[in-house]
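Remarks on the overall topology
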Amino acid sequence: GAVVSQHPSRVICKSGTSVKIECRSLDFQATTMFWYRQFPKQSLMLMATSNEGSKATYEQGVEKDKFLINHASLTLSTLTVTSAHPEDSSFYICSAPRPTGGHGEQYFGPGTRLTVT
Amino acid sequence: AQTVTQSQPEMSVQEAETVTLSCTYDTSESDYYLFWYKQPPSRQMILVIRQEAYKQQNATENRFSVNFQKAAKSFSLKISDSQLGDAAMYFCAYRGGYNAGNMLTFGGGTRLMVKP
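Just so you know, these numbers come straight off a predicted model, no measurement behind them. (Residues numbered from 1 in each chain as written. Chains lettered and ligands numbered in written order. Predicted model: local features only at pLDDT ≥ 70, side-chain atom pairs only at ≥ 80, totals over all residues. Heavy atoms only, no water.)

When its secondary structure is counted, chain A shows zero helices and eleven strands. Going residue by residue from the N terminus, the α and β elements of chain A occur as β-β-β-β-β-β-β-β-β-β-β. Against the 2.2 N^0.38 benchmark of 13 Å for 117 residues, chain A shows a C-alpha radius of gyration of 14 Å, consistent with a compact globule. By principal-axis analysis of the C-alpha atoms, chain A measures approximately 45 × 30 × 25 Å. Taken across its 117 residues, chain A has 51% of its residues classed as buried. The long-range fraction of contacts in chain A, counting pairs at least 24 apart against all pairs at least 6 apart in sequence, stands at 53%. Here chain A displays about 5700 Å² of accessible surface, and carbon together with sulfur accounts for 50% of that area. Chain A carries 11 positive and 9 negative side-chain charges, and their two centres are separated by 6 Å. (Helix = DSSP H or I, 4+ residues; strand = E, 2+ residues; numbered from the N terminus. Rg over C-alpha atoms; globule rule 2.2 N^0.38 Å. Buried < 20%, exposed > 50% of the residue type's maximum accessible area, 1.4 Å probe, protein only. Contact = heavy atoms within 4.5 Å. Areas by Shrake-Rupley, 256 points an atom, 1.4 Å probe, with all protein chains shown as cover. Lys, Arg positive; Asp, Glu negative; His and termini not counted. Charge placed at Lys NZ, Arg CZ, Asp CG, Glu CD.)

Now the structure itself:
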């Protein structure tokens, strides 16, 4: 069945550096993908909607210059955390809507754990 | 804006018993979708069950069923014959109708513990 992959699954970076997280839809195309952030023992918070061929839509309070999103193709969206700081350490999850007939269901990637030291 | 509330941060159930997780939501829309997702320790989100608001019949998937009360804006999940593998975080989620985009709004989650 359809699957969403994320890479890397874990990343540790130094404060001030940038890190890129990839989200790929396998076996299906996704014109839209979503990026979530999840702190320990908390729910998923939508950060932004990634749109293929156009600018991402960011949720209120999310710094678009810090969290750069690029939806370069119908199967790939990337999230780049620029000038990372320890407070950016979190679990990042992407998702893509199930193709037609899915009634709003989303397929989720396995997540990326980012640790900024 | 839509909001989803899960009033039970933690629940516990004995293996083989039945447990019900609560979810309420607030919306002005008449057409929408509701979901329960499971997040085990691996943190991979897994769809448990889905309900379309226009359907009066409650959805069921094997041991999982929902009690959908549209007027009360309530969407509870019942897990029958609980198994150790059911232990996880459970999130209730809302998605608006066709013209609302595909984004999901999640509740705060309920941690389910299953006692052997």
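This part takes up the overall build of chain B. Scanning chain B for helices and strands turns up zero helices and twelve strands. Computed over C-alpha atoms, the radius of gyration of chain B comes to 14 Å, within 12% of the 13 Å expected from 2.2 N^0.38 for 116 residues, which places it in the range of a compact globule. Across its three principal directions, the C-alpha atoms of chain B cover 45 × 25 × 20 Å. For chain B, the residues scored as buried account for 47% of the 116 residues in total. Of the contacts formed within chain B by residues at least 6 apart in sequence, a portion of 56% connects residues at least 24 apart. Of the accessible surface of chain B, which amounts to about 5700 Å², a share of 46% is contributed by carbon and sulfur atoms.

A few words on the environment of Gly101 of chain B. Here Gly101 of chain B is to be found in the loop between β10 (88-96) and β11 (105-106). With near-sequence residues (within four places) excluded, Gly101 of chain B lies in contact with Arg95 and Gly96 of chain B.

Now for the pattern of salt bridges. For side chains bearing opposite charge, pairing can occur when the charged atoms are close. All names here are of chain B. As enumerated under the stated definition, the model contains seven salt bridges over all chains in all. Between Glu52 and Lys55 there is a salt bridge, and its shortest N-O distance comes to 3.8 Å. Here Lys55 falls in the partly exposed class, since its relative accessible area comes to 37%. The partner of Asp86 in a salt bridge is Arg63, and the shortest N-O contact between them spans 2.8 Å. On the criterion of sequence distance, the pair formed by Asp86 in the loop between β9 (74-79) and β10 and Arg63 in the loop between β7 (60-61) and β8 (64-69) is long-range, its members being 23 residues apart. Here Asp86 and Arg63 have matching classes, each one buried. (Salt bridge = Lys/Arg side-chain N within 4 Å of Asp/Glu carboxyl O.)

Our next topic: the interface of chain A and chain B. Counting residues at the interface gives 23 residues for chain A, matched by 20 residues for chain B. Summed over both partners, the interface of chain A with chain B comes to about 1800 Å²; 53% of that surface belongs to carbon and sulfur atoms. Connecting chain A to chain B are one salt bridge. Arg50 of chain B serves as the salt-bridge partner of Glu105 of chain A, at 2.9 Å between the closest nitrogen and oxygen. Linking chain A with chain B are six residue pairs in polar contact (both at pLDDT 80 or more), by the criterion used here. Looking at the side of chain A that touches chain B, the elements with two or more residues in it are β4 (32-38), β5 (44-51), β9 (90-97) and β10 (106-108) of chain A. Per-class residue counts for the side of chain A that touches chain B are ten nonpolar, nine polar and four charged. (Buried area = accessible area lost by both parts, 1.4 Å probe. Polar contact = N/O pair within 3.5 Å; in protein donor to acceptor, adjacent residues only side chain to side chain. Nonpolar A, V, L, I, M, F, W, Y, C, P; charged D, E, K, R; others polar.)

This part covers the packing of aromatic side chains. Evaluated as defined, the whole model comprises 14 aromatic pairs over all chains. Taken together, a centroid distance of 6.3 Å and an interplanar angle of 25 degrees make the contact between Trp36 of chain B and Phe75 of chain B stacked. Note that Trp36 of chain B is positioned in strand β5 (residues 32-39) and Phe75 of chain B in strand β9, a separation of 39 residues in sequence. Comparing Trp36 of chain B with Phe75 of chain B, the two get one shared label, buried. Their ring planes at 80 degrees and their centres at 6.3 Å tell us that Phe68 of chain B and Phe75 of chain B sit as a pair that is edge-to-face. Phe75 of chain B shares its class with Phe68 of chain B; the two are buried. Ring pairing ties together the aromatic residues Tyr36 and Phe108 of chain A together with Phe35, Tyr37, Phe91 and Phe106 of chain B, which thus form one cluster. Here the guanidinium or amino end of Arg43 of chain B rests over the ring plane of Phe91 of chain A, the centre of that ring lying 4.0 Å away. (Phe/Tyr/Trp six-rings, centres within 6.5 Å; stacked < 30°, edge-to-face > 60°. Lys NZ or Arg CZ within 6 Å of the ring centre and 35° of its normal.)

Bear in mind that shape data such as this cannot, by itself, settle questions of function.
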